[in-house]
Structure formats: structure tokens, C-alpha cells
Amino acid sequence: MDYQSENARTIDRWVDEGWQWGVPISHDTFVAAQHGDWDILLTPTKPVPHEWVGDVRGKRVLGLASGGAQQMPIMAALGAQCTVLDYSSRQCERETEVAQREGYEIEVIQADMTKPLPFEDESFDLIINPVSNCYIEQVRPVFRECHRVLKTAGSLIGGYDNGINYIFDDDETTLTNTLPFNPLHDERARQMLLRTDCGMQFSHTLDEQIGGQLEAGFVLRALYEDTNGEGNLHEHYVPTYVATWSMKMSH
């Protein structure tokens, strides 16, 4: 089994076990968003500045590896035409369930973002990509595909692990691993992930993640850092995530 299929099955199980990123928003949260009271997360704790999202009424929004019915229902409540792509069947099911509950339409595509995206050039006004590329080995191709399917002046907003989480032991107290952390090439890393039931995960540098966006043609507009929300690193205020807002500008 390839690692992507392994991760999809793992995430399906996590969702069944109540994984926090697979719990859909409530009806009350949806209604509040319809009345202008909303937030979405790309990283564990800090809400996205509303400026990053802008006015999405009538706009086409892609939730990339964004299943679970947390961001996309908010976009639908704000008037967007939504598509979600996720390789977890359970995450996709959550999206369909909430759309049926709230009475909006959403295109749900179960697919792997490491493959070419199944969309025409310049299809979307906004791509929302919460923390997920820690589950894939190569991130630069994803940014190139995002740039391709975005319209000119479209935005990519995403959350990314900065690698610090992967150097510590389970208790986040001892430097244990070296970077890059890649279980496909390091059996010790693979065994650590299997022991802690974390799926197959990969560290990525800011060179890969922010640099990869710039190489793909994006212009960086803004960023902020965030912590894990819990644990020793969080208690010491160590930022372990970065969220970015990038735009596809005219050439």
C-alpha cells in the first residue's frame, strides 16, 4: 500500500474515533456565519484574518485537503460556490452530511492532492488548505497545481507545520530526531509514527513551503505563526505552524 492510501485509511479511523479536525460545525455556527459572525482555522488556535478570505459571495472556493465540514460550510454560508477535495472518505462524508443538513450544494471529490488536480486552469477564486501537507512527501507540485487552477488575483490561504514538532520525543522535552523527518527513508521515524498512531508524516522547511509558493508564481501577502494549542512546546510559546496568504498576480 502506498503511504497516501495508508494515511487516508488512518484518517478515516481517526474521524470515526472523534478526531477534532473531523467534527463538523454545528447548525448554530452555520446560521451565525450567515449573519456575518464566523471564523475559520488553518492552524490549531489562531483564526484566519477575514481580510484573507475577502467577499466570497458568488466566488468559487476550493477546500484542498479540507474535508471534515469545518471551513467549507462557513464559505457556503457566506455565499461561495464550494468544492472540496480530500482523500479521506469519512472527511468527504462529513461535507455531504452538513450540506444536506443546511441545504446548500457542494462538489465533493475524493482524491489525492499529490496527483494533478482534476480542474481546468483558472477555475477558482480562493483555495483554502488547512494543515495537511505534513502528510505528503513533496509539496512543491501541490503549489504549482494551486497556482494553475487559481484565477488571476485569486488567493491561496494555507497552514503549514514548520518542522519543529518532528525533532522532539513524544513528551516534547528531548531533542530526538534530525531533520528532514521522512518515514519513507528513515525506519526509526516510521516506527515512531506507527507507535504513536500518527499516520505517515513528513517535515518540510519554509524553503519548501513558502519558497515553493514563490517558485510557483505566488506573491506572499501576509503570514502569522501559531502553536500546537497544547503540550510542552505550546506551554513554552514555541510556534510550530505558519499560516500564509498568497495571491496569483497577473504576469
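Here is a short report on the structure shown in this document. Note that the coordinates shown come from a computational prediction; the quantities given were computed from them, not determined experimentally.

Points about the sheet that holds strand β7 (residues 241-248)
In spatial order, the strands read β3-β2-β1-β4-β5-β7-β6; together these 7 strands make up an open sheet with mixed pairing. Single-partner strands in this sheet number two, and they are β3 (106-110) and β6 (218-226). Strand-to-strand twist in this sheet, taken as the mean axis angle between neighbours without regard to direction, amounts to 15°. By the bridge criterion, 5 bridges tie strand β1 (residues 60-64) to strand β2 (residues 81-86) in an arrangement that is parallel. From the neighbouring strand, R60 faces β2, where its bridge partner is Q81. Sitting on the sheet, helix α5 (residues 89-102) is in contact with β2 and β3, with an inclination near 170° to β3. Sitting on the sheet, helix α8 (residues 206-216) touches β5 (150-161), β6 and β7, and the angle it makes with β6 is about 155°.

Description of the pattern of salt bridges
What the rule picks out here adds up to 16 salt bridges. Between E6 and R190 there is a salt bridge whose closest N-O contact spans 3.7 Å. Taken as a pair, E6 in helix α1 (residues 3-16) and R190 in helix α7 (residues 187-196) lie far apart in primary sequence, 184 residues in all. Assessed through its relative accessible area of 18%, E6 is described here as buried. Overlapping salt bridges, with partners in common, bring together D16, R90, E93, R94 and E97 in one network.

As for the side chain of T227
One can find T227 in the loop between β6 and α9 (231-235). Among the polar contacts listed, one links the side chain of T227 to the backbone nitrogen of G229, at a separation of 3.2 Å. Polar contacts involving the side chain of T227 include one to the side chain of H234, which spans 2.7 Å. Discounting residues that sit within four places of it in the chain, T227 has contacts with P44, T45, H234, Y237, V238, P239, T240 and Y241.

The rules behind the values
- Along each chain, residue indices are assigned from 1 in the same order as the chain's sequence is written.
- The predicted nature of this model means local features are confined to residues of pLDDT at least 70 and side-chain atom pairs, given and counted, to a pLDDT of 80 or more, with totals for whole chains, interfaces and linings taken over all residues.
- Side-chain metrics in this entry use all non-hydrogen atoms of the structure; hydrogen atoms and water are not considered.
- DSSP calls a pair of strands paired once it identifies at least 2 bridges connecting them.
- Numbering of helices and strands starts at the N terminus; helices are DSSP runs of H or I of at least 4 residues and strands are runs of E of at least 2.
- Inter-axis angles, ranging from 0 to 180 degrees, are taken between N-to-C directions of lines fitted to C-alpha atoms, where helices are fitted over the stretch in contact.
- Between two residues, a contact is recorded if the distance between any of their heavy atoms is within 4.5 Å.
- Salt bridges are defined as contacts in which a side-chain nitrogen from Lys or Arg sits within 4 Å of a carboxyl oxygen from Asp or Glu.
- The rule is simple: take the accessible area with a 1.4 Å probe, protein chains only, and divide by the maximum for that residue type; under 20% is buried, over 50% is exposed, in between is partly exposed.
- Here a polar contact is taken to be a pair of N or O atoms separated by no more than 3.5 Å, where protein atoms must pair a possible hydrogen donor with a possible acceptor and residues adjacent in sequence count only if both atoms sit in side chains.

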